[in-house]
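# Coordinates in review
Residues per chain, in single letters:
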Amino acid sequence: MQINLITGISGSGKSVALRAFEDAGYDCVDNLPVSLLENLIATLAKEKSERVAVAIDARRGQSIAELPSILENLKRDHQVRIVFLNADTNTLVQRFSETRRRHPLSSNDKENQSATLIEAIDKERNLLEPLRAQAHSIDTSNLPAHALRSWIQDLLKDKPIGLTVIFESFGFKKGVPSEADLVFDVRCLPNPHYDQLLRPLTGNDKPVKEFLEKIPEVVSMENDITQFIEKWLPHYIADGRSYLTVAIGCTGGQHRSVYLVNRISEHFRSQKSLASLQLNFLDRHRELDSIPAAKP
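Predicted model, so just to flag it, every value in this text is computed and none were measured. (Residues numbered from 1 in each chain as written. Predicted model: local features only at pLDDT ≥ 70, side-chain atom pairs only at ≥ 80, totals over all residues. Heavy atoms only, no water.)

## Quick word on the nonpolar core
Membership of the largest hydrophobic core comes to 32 residues, with the highest contact counts inside it found for Leu37, Ile56, Ile64, Leu67 and Leu71. When residues of this core are assigned to their parent elements, the largest contribution, 6 residues, is made by helix H5 (residues 113-132). The contact partners of isoleucine 64, leaving out residues within four places of it in the chain, are Val34, Ile56, Asp57, Leu127, Leu128 and Leu131. Listed in part, the 29 residues of the second largest apolar core include Phe184, Leu198, Val208 and Leu279. (Core = buried A, V, L, I, M, F, W, Y, C linked by side-chain atoms within 4.5 Å. Buried < 20%, exposed > 50% of the residue type's maximum accessible area, 1.4 Å probe, protein only. Helix = DSSP H or I, 4+ residues; strand = E, 2+ residues; numbered from the N terminus. Contact = heavy atoms within 4.5 Å.)

Here you go:
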């Protein structure tokens, strides 16, 4: 059975993620007590269920500490993946303020509600840290719901065995992705933004590609990043990781970082010598994916 555990910080988008799994045909259970997880899986196994997504968060308190050992037991007979949703504290505070919802770990003290909320978020981070360390983490701070749904859909297409390498472009103006394992800053490269014809385009467009591929510094940066990843990739695999996020950032996340993510991802996908490593690849463009699709 394919078991996907959806967890993370309250307000980071777990409900959106769970709906994406449901739309993909998974049996979904929300807010399941930790103590019932093994019984649920046993029941679904008897019913010949092949794919399940379960959302569990820290509202169950200290019982969350039992979850890593439970997951290890389930891994003996099933494929288990943890999807951890995260967001920065300022974003979470704003979301709770806008929805007027209480944090699950908030106290009943109505005085100094902002401080109480921040304390609850910090407590939740501490409780969930053991899960975050072994999960596929997604930072939803600057990510609208439709982009998160799209990223989850892409995640469901990958193979559950081996190391999944995520190449993600981003703009430093909106912060570094918190889930990034490796971060490369390419803001030193010539910026197509200053060309009036290229400014409205992206690194996916042919004119921008032609502009960047002619610049020696861009070619050199691409080669350096590629060689660094090639050198250290076996070590990350040996470390037992399931996911490695390589984030490449420029100023706005529209031109240079998008172009380099596409180029470097294409390089690794084409390497037949890596086939024995059981690698899977995902591409993400945080700032481009955050733009709502145009209505027909």
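## A word on the sheet that holds strand E8 (residues 243-250)
With parallel pairing, 4 strands are arranged side by side in an open sheet as E7-E8-E6-E9. Both edges of this open sheet fall to strand E7 (182-185) and strand E9 (279-285), since each of them pairs with a single strand only. Strand-to-strand, the axes of this sheet are offset by a mean angle of 15 degrees, without reference to chain direction. Where strand E6 (residues 163-171) meets E8, 8 bridges bridge the pair, whose relative direction is parallel. (Pairing = 2+ DSSP bridges. Axes fitted to C-alpha atoms, helices over the stretch in contact; angles between N-to-C directions.)

## With respect to the sheet that holds strand E2 (residues 27-29)
The strand order E2-E3-E1-E4-E5 describes an open sheet built from 5 strands, whose pairing is parallel. Edge strands, defined here as strands with exactly one partner in the open sheet, are E2 and strand E5 (136-139). Put simply, the sheet's adjacent strands are angled 20 degrees from each other on average, direction ignored. Sheet contacts for helix H1 (residues 14-23): strand E1 (2-8), E2, strand E3 (51-55) and strand E4 (79-86); angle to E1, the most-contacted strand, approximately 165 degrees.

## So, helix H3 (residues 67-74)
Think of an α-helix as 3.6 residues a turn; residues three or four steps apart then line up on the same face. When we look at burial in H3, the residues that qualify are Leu67, Pro68, Ile70, Leu71 and Leu74. On an axial view of H3, the arc spanned by its buried residues comes to 160 degrees, and they lie on one face. (Arc of directions from axis to C-beta.)

## Observations concerning the confidence of the model for the protein chain
Summarising the model, the protein chain shows a mean pLDDT of 89, and 93% of its residues fall at 70 or more. In the model, residues 108-113 has pLDDT below 50 throughout and makes 5 contacts with residues more than four positions away in sequence or in other chains. (pLDDT = per-residue confidence, 0-100.)

## So, the packing of helix H2 (residues 37-46) against H3
For the pair H2 and H3, interaxial distance at closest approach is 10 Å and the crossing angle is 25 degrees. Taken together, the axes of H2 and H3 are roughly parallel relative to one another. Seen along the crossing, H2 lies across H3 with a hand that is right-handed. Residues Leu37, Glu38 and Ile41 of H2 lie in contact with H3, whose contacting residues are Leu67, Ile70, Leu71, Asn73 and Leu74. (Parallel < 35°, antiparallel > 145°, perpendicular 65-115°, else oblique. Left-handed = near helix turned anticlockwise from the far one by under 90°.)

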